[in-house]
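Analysis of the macromolecular model
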2 protein chains.
Amino acid sequence: MARSPQKKTSAPASGNAVTADLVAVLVAVTDGTPKIMTIAGGSALPSGPFEFTHRSLQTALRAWVEAQTGHPLGYVEQLYTFADRGRSGDARSPHSVSISYLGLTREDRVGEGFEAHWSGWYDYFPWEDHRDGAPAFIAKTIAPKLKTWAKAAPSPTLQRERWQRCAITFGLDDRDWNEELVLQRYELLWEASLIPEANHSRGREASVVPGKPMTADHRRILATGIARLRAKIKYRPVVFELMPAEFTLLQLQRSVEALAGRLVHKQNFRRLIEQQELVEETGAMAADTVGRPAKLFRFRHAVLAERAVAGTKLPLSRT
Amino acid sequence: MARSPQKKTSAPASGNAVTADLVAVLVAVTDGTPKIMTIAGGSALPSGPFEFTHRSLQTALRAWVEAQTGHPLGYVEQLYTFADRGRSGDARSPHSVSISYLGLTREDRVGEGFEAHWSGWYDYFPWEDHRDGAPAFIAKTIAPKLKTWAKAAPSPTLQRERWQRCAITFGLDDRDWNEELVLQRYELLWEASLIPEANHSRGREASVVPGKPMTADHRRILATGIARLRAKIKYRPVVFELMPAEFTLLQLQRSVEALAGRLVHKQNFRRLIEQQELVEETGAMAADTVGRPAKLFRFRHAVLAERAVAGTKLPLSRT
DNA sequence: CCATCTTATGCTCACGGAGAGTATAAATGG
DNA sequence: CCATTTATACTCTCCGTGAGCATAAGATGG
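Residues numbered from 1 in each chain as written. Chains lettered and ligands numbered in written order. Predicted model: local features only at pLDDT ≥ 70, side-chain atom pairs only at ≥ 80, totals over all residues. Heavy atoms only, no water.

With that settled, the discussion passes to the confidence of the model for chain A. On average, residues of chain A carry a pLDDT of 83, and 81% of them reach 70 or more. Counted against residues more than four places away or in other chains, residues 1–15 of chain A, with its pLDDT under 50, gives 31 contacts. (pLDDT = per-residue confidence, 0-100. Contact = heavy atoms within 4.5 Å.)

Here we come to the pattern of salt bridges. Two side chains bearing opposite charge may form a pair once their charged atoms approach each other closely. All names here are of chain A. Going through the model one piece at a time under the given rule, you end up with 30 salt bridges over all chains. Between Glu187 and Arg220 there is a salt bridge, with the nearest N and O atoms lying 2.7 Å from each other. In this pair, Glu187 sits in helix 4 (residues 182–191) while Arg220 sits in helix 5 (residues 218–232), placing the two residues 33 residues apart along the sequence. Judged by its relative accessible area of 26%, Glu187 falls in the partly exposed class. Here Glu197 makes a salt bridge to Arg219, at a shortest N to O gap of 3.2 Å. Linking Glu197 in the loop between helix 4 and helix 5 with Arg219 in helix 5, this pair joins segments that are 22 residues apart in sequence. As far as the burial class goes, Glu197 and Arg219 line up, both buried. Linked by salt bridges that have partners in common, Glu179, Glu180, Lys234 and Arg262 make up one network. (Salt bridge = Lys/Arg side-chain N within 4 Å of Asp/Glu carboxyl O. Helix = DSSP H or I, 4+ residues; strand = E, 2+ residues; numbered from the N terminus. Buried < 20%, exposed > 50% of the residue type's maximum accessible area, 1.4 Å probe, protein only.)

Tallying each qualifying case throughout the model produces 14 aromatic pairs over all chains. Between A:Phe240 and A:Phe247, the aromatic rings sit 5.9 Å apart at their centres with planes inclined by 40°, giving tilted as the arrangement. Overall, A:Phe247 belongs to the buried group, its relative accessible area being 1%. Between the aromatic rings of B:Tyr186 and B:Trp190, the centroid separation amounts to 6.4 Å while the plane-to-plane angle is 55°, which identifies the pairing as tilted. Taken together, the positions of B:Tyr186 and B:Trp190, both in helix 4 (residues 182–191) and four residues apart, correspond to about one turn of that helix. Here a set of aromatic residues connected by ring pairs shows up, and it is made of A:Phe125, A:Trp127, A:Tyr186 and A:Trp190. Geometry around B:Phe125 places B:Arg219 over its ring, the cationic atom sitting 5.8 Å from the centre. (Phe/Tyr/Trp six-rings, centres within 6.5 Å; stacked < 30°, edge-to-face > 60°. Lys NZ or Arg CZ within 6 Å of the ring centre and 35° of its normal.)

Moving on: unusual backbone geometry. Residue and element names in this part refer to chain B. A positive phi is found at Asp174, a non-glycine position, where the angle reads about 65°. One can find Asp174 in the loop between helix 3 (156–170) and helix 4. Here the phi dihedral of Ser193 falls at roughly 60°; this positive angle occurs in a residue that is not glycine. Take Ser193: it is sitting in the loop between helix 4 and helix 5 (218–232). Residue class for Ser193 comes out partly exposed when judged on its relative accessible area of 32%.

All names here are of chain B. Burial within strand 2 (residues 33–38) is extensive, with five of its six residues counted as buried. Hairpin remark: strand 1 (residues 19–30) followed by strand 2, antiparallel, with two residues in the connecting loop; positive phi at Asp31, about 50°. Sheet topology places strand 2 next to strand 6 (residues 117–120); four bridges connect them, and they run antiparallel. Bridging from a neighbouring strand, Ile36 pairs with Ser119 of strand 6. (Pairing = 2+ DSSP bridges.)

Attention now moves to helix 4 of chain A. Along an α-helix, a turn takes 3.6 residues, which lines up residues three or four apart on a common side. All names here are of chain A. Here helix 4 has its buried residues at Val182, Arg185, Tyr186, Leu188 and Leu189. Buried residues of helix 4, viewed axially, fall in a sector of 160°; they line one side. Summarising the contacts, the buried residues of helix 4 are in contact with helix 2 (136–151), helix 3 (156–170) and helix 5. (Arc of directions from axis to C-beta.)

Below, the discussion takes up the packing of helix 3 of chain A against helix 4 of chain A. Residue and element names in this part refer to chain A. At a closest axis distance of 9 Å, the pairing of helix 3 and helix 4 adopts a crossing angle of 140°. Taken as axis vectors, helix 3 and helix 4 run oblique relative to one another. The two elements helix 3 and helix 4 cross, and the hand of that crossing is left-handed. Residues Arg165, Cys166, Thr169 and Phe170 of helix 3 touch helix 4, and the partners they reach there are Gln184, Arg185, Leu188, Leu189 and Glu191. Partitioning the contact of helix 3 with helix 4 into residue classes produces four nonpolar, two polar and three charged. (Axes fitted to C-alpha atoms, helices over the stretch in contact; angles between N-to-C directions. Parallel < 35°, antiparallel > 145°, perpendicular 65-115°, else oblique. Left-handed = near helix turned anticlockwise from the far one by under 90°. Nonpolar A, V, L, I, M, F, W, Y, C, P; charged D, E, K, R; others polar.)

Attention shifts here to the side chain of B:Arg106. All names here are of chain B. Inspection of the secondary structure puts Arg106 in the loop between strand 5 (96–104) and strand 6. On the accessibility criterion, Arg106 (17% relative accessible area) is buried. Separated by 3.2 Å, the side chain of Arg106 and the backbone oxygen of Met243 make a polar contact. Those residues in contact with Arg106, other than ones at most four positions away along the chain, are Ala28, Glu241, Leu242, Met243 and Pro244. (Polar contact = N/O pair within 3.5 Å; in protein donor to acceptor, adjacent residues only side chain to side chain.)

Between its terminal C-alpha atoms helix 5 of chain B stretches 21 Å, which fits the 21 Å expected from 15 residues at 1.5 Å a residue. Within the sequence span of helix 5 of chain B, burial applies to B:His218, B:Arg219, B:Ile221, B:Leu222, B:Ala223, B:Thr224, B:Gly225, B:Ile226, B:Ala227, B:Leu229, B:Arg230 and B:Lys232. (Expected span 1.5 Å × (residues − 1).)

Printed below as a string of structure tokens:
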């Protein structure tokens, strides 16, 4: 970084010039399946060079997505910025800075005739879907391979630490599954060389763990996005960005479950939603359903103005 | 942004080249005062061009800080990336991308003879310190000015919305103070032109609200860092990065209070710390104290390996 | 028409965490 | 010895949350 702080309003780019890329994790939920927008046959996230004709990064991303989908992007949040020195390893290739964003939409909003597709995100992270319990291949395939990797550590202490890390992130040894550790799990599998992208020497030692790979570090970026979203839905009403204008409480629940990758207690879910006054009845009832018909609800946009957003966990004094 | 996703491994920079800057919010807590590292007489955060000789942004930041302070940087976290088209407004000046980081250290680790200084962060955000109750000037100065600003909105509805926003972020009208809304408060004051930095036409209409200004958007970046840190200390044991090797529970509590800007219930704070097994006794007692001497504790680094980190708020099913 | 299935919706219970207060112990300086 | 300051141990009360029971309201098949 800097030589000296004084030089911060620094000299024009010389050897210092880079290119800026945007990478987008665009999420939608359709029929209980979380999907992401992909290009290149599902092997990459939509991305492209940043055009400085826009006022801010956020504006640039919105403009681009709207051009692609024909509809405004509901919720946008910056994820992370990566810097590569010469992405391809070629020393002369330009340095690049990749700025990644998370965006929430609805699949049906996307116009036809684009090269982009929607892919289920569990295609890329099959071990993340615990809605029907932990996938069998975690115990059958992943856990043994991780154990082997842990045992390959040089010292017994390091072996224990490695395995403890595996057990925590994957909920092994009777630990609870923590759905938010998406990135940690991906990084662990990467370190253990169980991810195709990790084997730099041109994809031999092919996919040792199920899950579709992606270009460069796109799957890591996706993991970051999923983790962020799974954390966010717990303290911010962002799920509604993924819902149609009217929905039943079960549909809402299914969307949350799709994102979280685990099931939710129905009655408690409803209690939570209603006591927070997040929704209001439309008066209409859902049609075409099995079982007792459900009321239709809509999101109360007013709550966004009414309430602040943060949570607390300190033993605060009210005095 | 992108014209077409296909072009993502895009052409070398032409009109697209930018410079990459790092901006650091380096925090320490000394004697119950949260401090940040500043340069230029306290009017700017340390920053400088990113050198692509490093493997990653994080590495670059660490290396730079270690060169400055002579000690490793405990905790580092990326904050946000901003893009400006021509920072100075000069259309021909290079576009820049500023990547900001939050870092935690201890003041005494910094070597002497550097141009950097430590400034109390409440010098820049005096309205954020509620340890002795809400500062009087919030009710006396800020609230009335915000009321005026709210009333200046075109329609009655907008006026009410504006005021509601003010009341929420500043805890007015008998609302609770939410210490995490640091950025929201800064942005609100900015919008209401109560912040010198907001008055683009060369600092007339000088500081209408107490608090030291900063260069460019540095105070906004600092607000982002404070907000992030205030949120983080509640669910991650990062305070310990700011503590000496051994400390009393009261010292620990004072540090948390310094960061949060509000007081904490002593007994409950201890209960929380101890039941989470975050610390262990050193056996020694604190010297040079008034009142009954306190036990000295040290951070149990093992907890970082033992436990995962995330929290939950969904009505999950355990079955 | 009834039995059964499915989903919707209302209500209760138990447990644990968090805010708050009381009480006692151990040091210091007059 | 007493006032003061800080340390430390308990207790009490709410309330949020996980969990389960019970009932309602529709469809479907015999």
